[in-house]
Amino acid sequence: MKTRVLVGMGTCGIAAGARKVMEALEKGLQGVEGVELLPTGCVGLCEKEVVAEIQKNGEKTIYGDLTPEKVERLIEEVVLKGNIIEDWIAARPEEPILAKQERIVLENCGHINPENIDEYLEKGGYKGLEKALKDMTPDQVVEEVKTSGLRGRGGGGFPAGLKWQFASQAPGDKKYVVCNADEGDPGAFMDRSIKEGDPHALLEGMLICGYAIGSDEGYIYVRAEYPLAIKRIKVAMKQAEERGYLGENILETDYNFRIKIKEGAGAFVCGEETALLASIEGRMGRPRPRPPYPATKGLWNKPTNINNVETYANIPRIIRRGGEKFAQIGTEKSTGTKVFALTGKINNTGLIEVPMGISIREIIYDIGGGIPEGRKFKAVQIGGPSGGCIPAHLLDLPIDYDSLVESGAIMGSGGLVTMDEETCMVDVAWFFLNFTQKESCGKCTPCREGTKRMLEILERIKAGKGKNEDIERLKFLGRNIVDTSLCGLGQTAPNPVLSTLRFFEDEYRAHIEEQRCPAGVCADLLRYVIVQEDCKRCSICVKVCPVNAISGKPKEKHLIDQEICTKCNACLEKCPFDAIVKK
Amino acid sequence: MAKTIEQENYREKVEEIVAFFPEKKGALIPALQAIQKEFGYLPRPALEVLSGSLRMPLSTIFGVATFYAQFHLQPRGKHIVRVCMGTACHVRGGQKLLATLENELGVEAGGTTEDLNFTLEEVACIGACGLAPAVMVDDETYGRLTSDKLTEVLDQYRKGKEG
């Protein structure tokens, strides 16, 4: 059996220096027989990038924090001799970081070469399509998806099988299958990893959907910010065509299906399905009221099924293994698994896939390894700009669609941003609202004007100029925007504010009543001060200050002029004696 | 609309691009993307030619071109520096990276340096959250940055590294 060396070459891996490691491996392995060196997608251990999996004698070991300098020893000991370098292992299968995960959608990510269709086929790829085309009627496929209980992974959680049924029953001879790959939530990169690491799974899911609803044409609407994902999808499409999985008379049946890629042009609102369709049609990406839903009147007014990448990537596995088997994973109403991008103030940042119903505590402490530097967990922000915060006292909340909605958050597309005691919740709310406010398309008044007013109030609170009635005003505005906006963007935009107000109203009050930011984040409420007892009069701070706000020559007393200080933090970072503090 | 000399300078290229999309339906955005790729931005005369080729009012084209963040009506720098303002980068100091870049390049976010070498932009999220804070220069992503490391990255491009 060949020894395989798989280097994680997703966007993150490359950013961390995977190309140089790859080059060093290529050089070191020149002329060595029986070793395959391949690129692979993201295995999810972002904190440990550059990562490589070495498959030798049937054993898989994942090494992390690789550099070109480490390559020589890696080849010598691991690849050639078959030893294990304990200290370099990124994660062992029995450790909670991996053991608590259940990988269905990500089963191939990080383990196969995404640019080679044979590796996908070896893992059972296109078997689901084959089964659907040869052993099942389109209606049976829809039933199977319904049995699985799969709900849309893009955020809303609408049952996928039901959506397919609507599109399949809608009258019309031309129908479309659309994949929403416009992953725009800040803090989310699940779909990117699937596209980069296992693009054939997405294609297979769309092909099965096309067969089920009676469509012969699909569109993948993907962000232009993901160049590598676009490239890998194109490679996958070409290979699938060559092997007869895509195009005319697929697998020698009379089923035809073509896929086109549409690159987004940078508008968050295009993640909303009606706006996305408008954008594919070449218009401004603005939403329209529903109904009619896309299932009856979608792309160019034809019946259209829209799901996101993760939803489609689940489909081949559901058809192959059966809907009932899928439904056994997770909880009764939220079946299967969910991929999350775990980021923020957490030890193991990365991409994880967990069974629905797992508690937030298990994700943060077992998989995520807790908060760095022993700081205290404060909240986790789930669902991006449409979602909300979940505070420490709800750590045991199970992650499923309905529990999350009850707590004021949403499943969203899968961003999980961890926050510790040094994160200011007013600042977080401001951050998300600032994002949605900028991305509001301007079509309906509540979203266009309402979010602007809310943002102004938050800005004044952050500046220490908040008024007592601001909290009530934010709640009033927020509720109205939720109730009256045209599309999902506006209906969820106030969520980050409303949910932080629900659990952290005291922080808002501290800003308003005491002009104090408890977390020490809001710059206008901070003062940088030199602690004279700790100061050694070295003058480093005087030199780094970009605005000359610090007075004093070496060996003299240093003082920060609060009038000039811009609170850029440069002095605090550079002080070798930690003698500068924020108050 | 009267033909102008400026339009003639762009006519051949734009018509070549439009010919690449046999189906006129849905062609506007890809055509704009192709024009921007060719010229670095969307010059007005080129859009005027496009309006004729696609038989579409110029107002519609401007509507779409100004709606999407990706399109630019002004010339841009040789290298595009995008600072990630995503959640993870925000909590790990993305703002500071932006301040460093504004300082180093002497332009504000959205601006282009006078020598047309760099354009500085904010981007909502580049999906490299695990490596926050991150900056993208052209198609290359740099992660786990500090102000010092960022200056080093910038220097590579200043020296004229191949994009």
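Residues numbered from 1 in each chain as written. Chains lettered and ligands numbered in written order. Predicted model: local features only at pLDDT ≥ 70, side-chain atom pairs only at ≥ 80, totals over all residues. Heavy atoms only, no water.

> Just checking my understanding: could you explain the overall build of chain B for this structure?
Secondary structure assignment for chain B yields seven helices and four strands. Starting at the N terminus and walking to the C terminus, you meet the elements of chain B as α-α-α-α-β-α-α-β-β-β-α. By its C-alpha atoms, chain B is 50 × 30 × 25 Å across when sized along the principal axes. Here chain B holds 163 residues, and the buried ones make up 55% of them. Intrachain contacts of chain B at a sequence separation of at least 6 include 59% that bridge at least 24 residues. Of the charged side chains in chain B, 18 are positive and 22 negative; the average position of the first set lies 5 Å away from that of the second. (Helix = DSSP H or I, 4+ residues; strand = E, 2+ residues; numbered from the N terminus. Buried < 20%, exposed > 50% of the residue type's maximum accessible area, 1.4 Å probe, protein only. Contact = heavy atoms within 4.5 Å. Lys, Arg positive; Asp, Glu negative; His and termini not counted. Charge placed at Lys NZ, Arg CZ, Asp CG, Glu CD.)

> Hey, could you run me through the pairing of strand β10 (residues 337-344) of chain A in this one?
Along any regular strand the residues' side chains alternate between the sheet's two faces. Residue and element names in this part refer to chain A. The element β10 is extensively covered by neighbouring structure, given that eight of its eight residues are classed as buried. Looking at chain direction, β10 and strand β11 (residues 350-355) are connected through six bridges and run antiparallel. Its bridge partner being in β11, phenylalanine 340 is matched across the sheet by isoleucine 352. The antiparallel hairpin formed by β10 and β11 contains five residues in its connecting segment. In this sheet, strand β14 (residues 415-420) lies alongside β10 in parallel orientation, the contact comprising four bridges. Residue pairing in the sheet places threonine 343 in a bridge with valine 417 of β14. (Pairing = 2+ DSSP bridges.)

> Looking at this structure, how should I read the interface of chain A and chain B?
Size of an interface, as often reported, equals the accessible area lost when the parts are brought together. On the side of chain B, 40 residues touch chain A, which itself brings 59 residues to the contact. Between glutamate 140 of chain B and arginine 19 of chain A there is a salt bridge, with the nearest N and O atoms lying 3.1 Å from each other. Contributing elements (two or more residues each) for the side of chain A that touches chain B: α1 (11-15), β8 (258-263), α12 (273-280), β10, α17 (425-439) and α23 (570-574) of chain A. For the side of chain A that touches chain B, the element with the most residues is α17 of chain A, which contributes six residues. Taken together, the residues of the side of chain A that touches chain B sort by class into 28 nonpolar, 12 polar and 19 charged. (Salt bridge = Lys/Arg side-chain N within 4 Å of Asp/Glu carboxyl O. Nonpolar A, V, L, I, M, F, W, Y, C, P; charged D, E, K, R; others polar.)

> How should a nonpolar patch on the surface be read in this particular structure?
Residue and element names in this part refer to chain A. Among the surface-exposed residues, Phe158, Leu162 and Phe166 lie close enough to one another that they form a single nonpolar patch of about 250 Å² accessible area. In this structure, leucine 162 sits in helix α8 (residues 160-169). Residue leucine 162 is classed as partly exposed on the basis of its relative accessible area of 30%. (Patch = residues over 30% accessible without salt bridge, like charges linked within 9 Å, V, L, I, M, F, W, Y side chains within 5 Å. Areas by Shrake-Rupley, 256 points an atom, 1.4 Å probe, with all protein chains shown as cover.)

> Could you clarify how one ought to interpret the sheet that holds β10 of chain A in this entry?
By definition, the strands of a sheet pair up through backbone hydrogen bonds, in either a parallel or an antiparallel sense. Residues and elements named next belong to chain A. Reading across from one edge, β11-β10-β14-β12-β13 is the order of the five strands in this open sheet, with mixed pairing throughout. The sheet terminates laterally at β11 and β13 (388-391), the two strands that pair on one side only. Strand-to-strand, the axes of this sheet are offset by a mean angle of 30°, without reference to chain direction. Judged from the five bridges that link them, strand β12 (residues 377-382) and β14 form a sheet pairing that is antiparallel. Bridge pairing in β14 links alanine 379 to methionine 419. Packing against the sheet, helix α9 (residues 190-197) makes contact with β10, β11 and β14, and its axis sits at approximately 115° to β10. Sheet strands touched by α17: β12, β13 and β14. Its angle to β12, the strand with the most contacts, is close to 15°. (Axes fitted to C-alpha atoms, helices over the stretch in contact; angles between N-to-C directions.)

> Sorry if this is basic, but what is going on with the packing of helix α10 (residues 199-213) of chain A against helix α11 (residues 227-242) of chain A here?
Geometry of a packed helix pair, given as the angle between the helix axes and the separation of the axes. All names here are of chain A. Contact geometry of α10 with α11 gives a least axis separation of 9 Å together with a crossing angle of 60°. Looking at the two axes, α10 sits oblique to α11. Regarding α10 and α11, the two cross each other, and that crossing is right-handed. In this structure, α10 contributes Pro199, His200, Leu202 and Leu203 to the contact, and α11 contributes Arg232, Ile233, Ala236, Met237, Gln239 and Ala240. (Parallel < 35°, antiparallel > 145°, perpendicular 65-115°, else oblique. Left-handed = near helix turned anticlockwise from the far one by under 90°.)

> What is the right way to look at the domain arrangement of chain B in this model?
By domain assignment, chain B separates into domain 1 (5-67) and domain 2 (79-158). Relative placement of domain 1 of chain B and domain 2 of chain B: their C-alpha centres are 30 Å apart. (Domains from an automatic or database assignment.)

> What is the right way to look at the packing of aromatic side chains in this model?
Aromatic rings in a pair are described by how distant their centres are and how their planes are angled relative to each other. All names here are of chain A. Counted by the stated rule, this structure contains 15 aromatic pairs over all chains. Note on phenylalanine 158 and phenylalanine 166: the rings are 6.5 Å apart at their centroids and 40° apart in plane angle, and the pair reads as tilted. For phenylalanine 158, a relative accessible area of 40% translates into the label partly exposed. Ring plane angle 75° and centroid distance 4.8 Å describe the contact between phenylalanine 268 and phenylalanine 435, whose orientation is recorded as edge-to-face. (Phe/Tyr/Trp six-rings, centres within 6.5 Å; stacked < 30°, edge-to-face > 60°.)

> How should I be thinking about helix α13 (residues 309-321) of chain A in this particular structure?
Side chains three or four residues apart in an α-helix point the same way, a direct result of the helix having 3.6 residues per turn. Residues and elements named next belong to chain A. Across the 13 residues of α13, 11 count as buried, placing the element largely inside the fold. Those residues of α13 lying buried are Val309, Glu310, Thr311, Tyr312, Ala313, Asn314, Ile315, Pro316, Arg317, Ile318 and Ile319. A side-chain oxygen of the first residue of α13 lies 3.4 Å from the backbone nitrogen of glutamate 310; this N-cap is asparagine 308. One or two steps after α13, the chain reaches glycine 322, where phi turns positive at roughly 95°. (Polar contact = N/O pair within 3.5 Å; in protein donor to acceptor, adjacent residues only side chain to side chain.)

> So what exactly am I meant to see when it comes to the pattern of salt bridges here?
Should their charged atoms come close, side chains of opposite charge can pair. All names here are of chain A. All chains considered together, the criterion is met by 59 salt bridges over all chains. Residues aspartate 216 and lysine 174 are paired through a salt bridge, measuring 2.9 Å at the closest nitrogen-oxygen approach. In this pair, aspartate 216 sits in the loop between α10 and β7 (217-222) while lysine 174 sits in the loop between α8 and β6 (176-181), placing the two residues 42 residues apart along the sequence.

> Quick question: what am I supposed to make of the domain arrangement of chain A here?
Residue and element names in this part refer to chain A. Annotation of chain A at the domain level lists domain 1 (3-91), domain 2 (117-327), domain 3 (337-420), domain 4 (425-514) and domain 5 (527-582). Here the C-alpha centre of domain 4 lies 35 Å away from the C-alpha centre of domain 2. Across the contact, 10 residues belong to domain 2 and 11 residues belong to domain 4. With both sides pooled, the region where domain 2 packs onto domain 4 buries about 920 Å², and carbon together with sulfur makes up 76% of that total. Across the domain 2-domain 4 interface, the total number found is zero salt bridges. (Buried area = accessible area lost by both parts, 1.4 Å probe.)

> So what exactly am I meant to see when it comes to the nonpolar core here?
In globular proteins that are soluble, nonpolar side chains generally tend to be buried together. In this structure, Trp164 and Ile220 of chain A are the most contacted members of the largest nonpolar core, which totals 73 residues. If near-sequence neighbours (up to four positions away) are discounted, tryptophan 164 of chain A is found in contact with Val141, Val142, Val145, Gly205, Ile208, Cys209, Ala212, Ile213, Asn305, Asn307, Tyr312 and Ile315 of chain A. Formed by 46 residues, the second largest nonpolar core is a distinct cluster that contains Ile306 of chain A together with Val49, Ile61 and Phe71 of chain B. (Core = buried A, V, L, I, M, F, W, Y, C linked by side-chain atoms within 4.5 Å.)

> Looking at this structure, I do not really get the side chain of threonine 113 of chain B. What am I missing?
Residue and element names in this part refer to chain B. Structurally, the position occupied by threonine 113 is in the loop between α6 (94-105) and β2 (118-123). Of the polar contacts made by the side chain of threonine 113, one reaches the side chain of aspartate 115; its length is 2.7 Å. Leaving out residues up to four positions away in the same chain, threonine 113 has contacts with Leu105, Val107 and Phe118.

> What am I meant to see in the pairing of strand β1 (residues 3-8) of chain A here?
Residue and element names in this part refer to chain A. Burial within β1 is extensive, with six of its six residues counted as buried. Where burial is concerned, the two faces of β1 agree: the one with Thr3, Val5 and Val7 and the one with Arg4, Leu6 and Gly8 are both buried. Pairing of β1 with strand β2 (residues 35-40) involves six bridges; the strand directions are parallel. Residue pairing across strands places threonine 3 opposite valine 35, the latter belonging to β2. The pairing of β1 with strand β3 (residues 52-56) spans four bridges and is antiparallel. For leucine 6, the partnering residue across the bridge sits in β3 and is glutamate 53.

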